[in-house]
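# Structural characterization, general
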Amino acid sequence: MTPKERGERAAAYFLDGYNCPQSVVLAFSDLLGMDETLLTKMVSPFGGGICRIREVCGAVSGMMFVLGSLEGYTSPEDNEGKAALYYTGQTLVKKFTERNGKGSFICADILDKPRGADIPQPELRTESYYHHRPCAEIVRAAAEVLSEYLGQ
């Protein structure tokens, strides 16, 4: 699958009602070998910059979940593996930040909203919601960056 196809897939999942990390992870579900229901549950709290606290963008969290699932280290003594993973993760976040048009990987900055806990009730997914939210393009950017790195 091309980066553009992965990006389109992530954007489509978002427009279907999935949150940002779910959208990115589902765009790579074919590579993860895990049940999609379990995947969506596992990353669901990372939406809204972690439960609508507006910190690290959920698309980035989804990107890191996929990266860790595919290339993560398992031994606490694996300092080389840890360093390699952190290097790759930092590189991907930098590319995402450059590409997303907002110059940040923080949800609040991307949405032009204040940081900190918001009411826990998610906004209804209406035509107006989708019109005013950059998230479909944000998950597209995250999926494309990750896909380019993975070559898939």
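Residues numbered from 1 in each chain as written. Predicted model: local features only at pLDDT ≥ 70, side-chain atom pairs only at ≥ 80, totals over all residues. Heavy atoms only, no water.

### Some points on helix α7 (residues 79-99)
End to end, α7 covers 30 Å across 21 residues, agreeing with the expected 30 Å (1.5 Å per residue, within 8%). Regarding α7, the residues found buried are L85, T88, G89, L92, V93, F96 and T97. Looking at the packing, one finds that the buried side of α7 touches α6 (58-71), α8 (107-111) and α10 (135-150). A positive backbone phi angle near 80° is found at G101, which sits one or two residues after α7. (Helix = DSSP H or I, 4+ residues; strand = E, 2+ residues; numbered from the N terminus. Expected span 1.5 Å × (residues − 1). Buried < 20%, exposed > 50% of the residue type's maximum accessible area, 1.4 Å probe, protein only. Contact = heavy atoms within 4.5 Å.)

### Let's talk about the pattern of salt bridges
A complete count under the given rule lists 13 salt bridges for this structure. Residue R54 is joined to D118 by a salt bridge in which the shortest nitrogen-to-oxygen separation is 3.1 Å. Here the residue R54 occupies a position in the loop between α5 (47-50) and α6, and D118 occupies one in the loop between α8 and α9 (127-132), the gap between them amounting to 64 residues. Residue E123 pairs with R133 through a salt bridge whose shortest N-O separation is 3.2 Å. Residue E123 is located in the loop between α8 and α9, and its partner R133 is located in the loop between α9 and α10; the two are separated by ten residues in the primary sequence. For E123, a relative accessible area of 36% puts it in the partly exposed group. Shared partners join several salt bridges into a network, and the residues in it are R52, R54, D118, E123 and R133. (Salt bridge = Lys/Arg side-chain N within 4 Å of Asp/Glu carboxyl O.)

### Digging into unusual backbone geometry
The phi angle at C51 is positive, at roughly 55°, despite the residue not being glycine. Along the chain, C51 turns up in the loop between α5 and α6. The backbone of D112 sits at a positive phi, close to 55°, despite the residue not being glycine. Take D112: it is sitting in the loop between α8 and α9.

### Regarding the packing of α7 against α10
Relative to each other, α7 and α10 sit at 135°, their axes nearing to 9 Å. Judged by the angle between their axes, α7 and α10 are oblique. Pair α7 / α10 crosses with right-handed handedness. Facing T88, L92, K95, F96 and R99 of α7, the residues of α10 in contact are I138, A141, A142, E144, V145, L146, E148 and Y149. Of the residues that constitute the contact of α7 with α10, the class distribution is eight nonpolar, one polar and four charged. (Axes fitted to C-alpha atoms, helices over the stretch in contact; angles between N-to-C directions. Parallel < 35°, antiparallel > 145°, perpendicular 65-115°, else oblique. Left-handed = near helix turned anticlockwise from the far one by under 90°. Nonpolar A, V, L, I, M, F, W, Y, C, P; charged D, E, K, R; others polar.)

### So, the packing of α6 against α10
It is the contact of α6 with α10, at a shortest axis distance of 9 Å, that shows an interaxial angle of 25°. The angle between α6 and α10 falls in the class roughly parallel. In this structure, α6 meets α10 at a crossing whose hand is right-handed. Only I138, V139, A142, V145, L146, Y149 and L150 of α10 make contact with α6, whose side of the interface consists of A59, M63, V66, L67, L70 and E71.

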